[in-house]
Amino acid sequence: MSSNESHTVGIVGAGLVGCLAALAFANEGFKVELFESRPDLRDPDQQVLSQLRSINLAVSARGITALRSVDEEMADRVLKDLVPMHGRMVHDLNGKQICQKYGLYGECINSINRSLLNRSLLDELDKLDNVKVTFNHKLIRLDNLKRSSSDNLENAANSEVVRGHFVGTKTNESLTVENVNVWIGADGSYSQVRSQIQRALQMNFSQEYIDHYYLELRIPAKNETAKSSHFDSTCPEAVEVGTEAKFALNPNHLHIWPRHEYMLIALANSDGSFTCTLFAPKSLFDKELAISASDADVVSFFRTNFPSAIELMGDDLLLESFRKNPRGSLVCVKCSPYNVGGKAIIIGDAAHSMVPFYGQGMNCGFEDVRTLMAILKKHEFDFETGFNEYTETRRKDLGAIVDLSMRNYQEMRHDVTSTAYLLRKSVDGFLSRVMGDFWLPLYTMVSFRADIPYSRAVQERQWQNDILTWVIRASVGTSLLAGTALWHGRLFNTLSSLYSR
Ligand code: FAD
């Protein structure tokens, strides 16, 4: 028996990140105990519920690389339903669609249904003998994270067993887990493991709700509806052969209806439908979009602001989703350290909740797993050394992506419609084509290059931004000078010809 086999890793949260972490540790030979407060979302009763909130996610290079780092074949299986998205499709008020490609060389991000992905990961865990998943059990406390009253890491990192106390969410019975050697908290934005770590040491922590909510809507597959829009012809190569029949919009784009203060987005599902998300200020949800608003007012708001989307959705489906689906809040969490010695660590949203506008929350959480495993392997699973190094090296990357995600909201709901933004984007693309890897657009570094840490992407962007501003100013200045010179030239010619007459 290897030393790993004699160790048990306890993971709290069987969401996307917890499941990947469980697969990663199990592949290294550890016994894994995974606890989830919710019921198994593969139960027939639960499937109906999970379909009600069917957020689909954009998975990109970092997420895919992390999945592959755990097991290539498993990654192929869980990613089989991806719908590639080659760019944004921006819809204006008149129904005109403009394609803005993401990559210079045909790179794409991919749409996948969140619950489908979560179910596939759970199916993969079922295949492993060394993983036990316990649903309907909520962590309420971790004992012995801190040995003495002083709050430093050294004291916290002692050899006592950290007992996990759970409560059955259906039975209300208590469960105490004593056989776990190390705890991984992948229990989301409101992490209980994080709260327990906060009690054991001095954690820097910030949490910020943004003043915007989101609401999910749905555009049905073509065979479910009479209406369909024409596909935009500016990116014809992006439409996968044979898919046109079932999709009401071009499936290979992330559709955005940017309206400055708010926006609607739509991502394709492999069944032909689109999951749409409206992001809007709380004040709008309090008035025009209040749950008490009349059907006529709701339809009128959407028909005025998103006519082309509502045409495909239909009033009835719009109202059904509007009334049934909850308004989701958007929260940013930053904290550090992520670990208590070698006893417990948090990953995924538990350590870094971000707003969804860069499509990186899950990707980053998956990357946490890849990064953590690489560090632990380097230290031959000396958890204390590995966890400490993870906290030290990962902190700046997580801070960078939380901030970047916040900034991208402005870009998606407003900037994409501005000429200045489009000019900057085209100069950015031009410089990248000329300079290759020396100059990569920020979006490329974040979404298509898993080998570039988030913090380095931000650093690179800072000097690139200065140059971009200079180049654009210089070109505008040169154009003005050229125009003026041309005008003066014409004036001179005219005057000379008058004199010579
Ligand atoms: P979660 O998915 O929150 O899972 C945590 C799990 O822990 C849950 O199953 C929960 O039930 C369980 N749990 C919680 N507390 C306890 C407890 N005490 N005991 C036991 N179990 C517990 N990311 C992307 O990469 N791309 C996107 O396009 C994207 N789009 C998004 C769109 C929206 C509208 C939103 C809100 C988010 C989006 N994200 C996206 C972010 C992504 O959803 C999250 O980053 C990701 O789900 C985090 O996974 P997680 O496993 O860390 O946390």
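Everything numeric here is computed off the predicted structure, so don't read it as measured data.

**Q** So what's going on with the site of the ligand? Residues and values would help.
**A** Around the ligand there are 29 residues in total, and E36, A58, R114, D349 and M362 lie nearest to it. Take R114: an N or O atom from its side chain is 2.5 Å from an oxygen atom of the ligand. One nitrogen or oxygen atom from the main chain of L139 is found 2.9 Å from a nitrogen atom belonging to the ligand. Notes on the ligand: free accessible area 1000 Å², of which the protein chains cover 87%. Every element with two or more residues in the shell around the ligand is listed here: helix 1 (16-27), strand 3 (56-59), strand 9 (137-142) and helix 12 (361-378). Looking at the shell around the ligand residue by residue, the class counts come to 12 nonpolar, 11 polar and six charged.

**Q** How would you sum up the layout of surface pockets? Please name residues and give values.
**A** Roughly 840 Å³ of internal volume is contained in the second largest pocket. Along its surface, the second largest pocket is lined by 29 residues, and E411, Y421, K425, D428 and R461 are the ones closest to its centre. Of all the secondary structure elements, the ones that give two or more residues to the lining of the second largest pocket are strand 6 (97-101), helix 13 (383-413), helix 14 (419-435), helix 15 (442-447) and helix 16 (454-500). It is helix 14 that contributes the most residues to the lining of the second largest pocket, seven residues altogether. Taken together, the residues of the lining of the second largest pocket sort by class into 11 nonpolar, nine polar and nine charged. Split by domain, the lining of the second largest pocket shows at least three residues from each of two domains, domain 1 (4-82 + 113-207 + 333-408) and domain 3 (418-482).

**Q** I'd like a rundown of the packing of aromatic side chains, residues and numbers included.
**A** Scanning all chains against the criterion turns up 26 aromatic pairs. Aromatic pair Y102 and Y443: ring centres 4.7 Å apart, planes at 5°, arrangement stacked. Of the two residues, Y102 sits in the loop between strand 6 and strand 7 (109-113) while Y443 sits in helix 15, which places them 341 residues apart along the sequence. Look at Y102 and you get buried, because its relative accessible area is 9%. Centre to centre, the rings of F247 and F274 are 5.9 Å apart; their planes meet at 75°, and the pair counts as edge-to-face. With F247 in the loop between strand 13 (204-219) and strand 14 (253-258) and F274 in strand 16 (residues 274-281), this pair connects stretches of sequence that are 27 residues apart. Through a chain of ring-to-ring contacts, the aromatic side chains of F25, F30, F381, F383 and F387 assemble into a single cluster. Above the ring of F322, the side-chain terminus of R327 is found at 4.5 Å from the ring centroid. In this arrangement the basic side chain of R413 is found over the ring face of Y409, its NZ or CZ atom lying 4.3 Å from the centre.

**Q** Now, about helix 1: what can you tell me, with residues and values included?
**A** If you check helix 1, its first and last C-alpha atoms are 17 Å apart, about what 12 residues at 1.5 Å a residue would give, namely 16 Å. Among the 12 residues that make up helix 1, 11 are buried, leaving the element largely enclosed by the rest of the structure. Taken as a whole, helix 1 has its buried residues at L16, V17, G18, C19, L20, A21, A22, L23, A24, F25 and A26.

**Q** How would you sum up the pairing of strand 6? Please name residues and give values.
**A** With five bridges connecting them, strand 5 (residues 87-91) and strand 6 associate as antiparallel partners. In the strand pairing of strand 6, V90 is matched with I98. Taking the residues between adjacent antiparallel strands as the criterion, strand 5 and strand 6 are bridged by five residues, where G95 takes a positive phi near 90°.

The rules behind the values
- Residues numbered from 1 in each chain as written.
- Predicted model: local features only at pLDDT ≥ 70, side-chain atom pairs only at ≥ 80, totals over all residues.
- Heavy atoms only, no water.
- Near = heavy atom within 4 Å.
- Polar contact = N/O pair within 3.5 Å; in protein donor to acceptor, adjacent residues only side chain to side chain.
- Areas by Shrake-Rupley, 256 points an atom, 1.4 Å probe, with all protein chains shown as cover.
- Helix = DSSP H or I, 4+ residues; strand = E, 2+ residues; numbered from the N terminus.
- Nonpolar A, V, L, I, M, F, W, Y, C, P; charged D, E, K, R; others polar.
- 1 Å grid on protein atoms, 1.4 Å probe; cavity = no way out; pocket = protein on both sides within 12 Å on 5 of 7 lines; lining within 4 Å.
- Points joined across faces, edges and corners; volume = space filled by probe spheres on them.
- Domains from an automatic or database assignment.
- Phe/Tyr/Trp six-rings, centres within 6.5 Å; stacked < 30°, edge-to-face > 60°.
- Buried < 20%, exposed > 50% of the residue type's maximum accessible area, 1.4 Å probe, protein only.
- Lys NZ or Arg CZ within 6 Å of the ring centre and 35° of its normal.
- Expected span 1.5 Å × (residues − 1).
- Pairing = 2+ DSSP bridges.

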